[in-house]
Amino acid sequence: MAKKRRERRETDGLSEAQEEVKAASDPPALKEAPHTAGGSARMSLLILLSIFTCSASVMYLVYRNFPELPDDEMEKIKIPKDMDDAKALGTVLSKYKDTYYSQVLVAYFATYVFLQTFAIPGSIFLSILSGYLYPFPLALFLVCLCSGLGASFCYMLSYLVGRPMVYKYLTERALKWSQQVDKHRDHLINYIIFLRITPFLPNWFINITSPVINVPLGVFFIGTFLGVAPPSFVAINAGTTLYKLTTAGEAVSWNSLAVLGVLAVLSILPVCFQKKLQQKLE
């Protein structure tokens, strides 16, 4: 009996030690009290809805300050949901962008940032549309800037009100990504660029969880700005032949996928060289 009790104590001690090791390996940001997650999540949702309402009001003002157009053209001024909507919107904007250059540019910029901030689908059509409306260098800079700012605003929203929802609904996935981020802390910009080029993680997930796992905002913005450039290059280039497209998927060809793959590899090559150099020096 004494032997069984001793074995039981040893087993219990081993289990407690394993739990302590597991807890120690968890990022501090994910160690939140579970009993407060429900109330905090509800409060965060209310705050998020308030911020969204204010942002939507700003978008309405942008829409109202747009030049007066005929009713049939005004109906086409909306967030595109498919390629037909994008073509209709492109037809109207291209007609007035020279006369009302600043208004069209501001409306495009605000809409793109709004969609990125709240992870609303449709930004891919705006990326394609930019190649139809503007010269390639301006279109590429505009898309990268809008993507970087919108993702950063989404980051800040998550930092302010999104943590409880991440703790409640995305804990396991956020923990796995946090472990990957910790492995790449010394070259985080390259890692974020790689993730933006490749489809391994959804952009909305990267935006929402990055502040929770302590990715610095400056690194996040730079990595996003540079990382979205290759996919945007493909979309903008497709926009030059907008009216030949029937779906957004046609903007991506096998050649463009090959180019994205090469650029993704190039983004992590400096990291590989750095690791090998450190191993040789050690």
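Refer to the structure presented above.
Residues numbered from 1 in each chain as written. Predicted model: local features only at pLDDT ≥ 70, side-chain atom pairs only at ≥ 80, totals over all residues. Heavy atoms only, no water.

## Side note on the environment of Lys-97
With respect to the helices and strands, Lys-97 occurs in the loop between α4 (83-96) and α5 (101-117). Lys-97 sits 36 residues away from Leu-133 along the chain, and the two C-alpha atoms are 7.9 Å apart. Apart from residues no more than four positions distant in its own chain, Lys-97 is found in contact with Val-104 and Leu-133. Polar contacts involving the side chain of Lys-97 include one to the side chain of Asp-98, which spans 3.5 Å. (Helix = DSSP H or I, 4+ residues; strand = E, 2+ residues; numbered from the N terminus. Contact = heavy atoms within 4.5 Å. Polar contact = N/O pair within 3.5 Å; in protein donor to acceptor, adjacent residues only side chain to side chain.)

## Description of the pattern of salt bridges
Enumeration according to the criterion identifies five salt bridges in this entry. For the salt bridge of Glu-73 with Lys-95, the shortest nitrogen-to-oxygen distance reads 2.8 Å. Of this pair, Glu-73 sits in helix α3 (residues 71-74) while Lys-95 sits in helix α4, placing them 22 residues apart in sequence. Judged by its relative accessible area of 11%, Glu-73 falls in the buried class. For Lys-176, the salt bridge goes to Glu-172, with nearest N and O atoms at 3.7 Å. Here Lys-176 and its partner Glu-172 are both found in helix α8 (residues 171-183), four residues apart, which amounts to about one turn of the helix. Across the pair, Glu-172 and Lys-176 agree in class, each one exposed. (Salt bridge = Lys/Arg side-chain N within 4 Å of Asp/Glu carboxyl O. Buried < 20%, exposed > 50% of the residue type's maximum accessible area, 1.4 Å probe, protein only.)

Function cannot be read off these values alone, since they describe shape.
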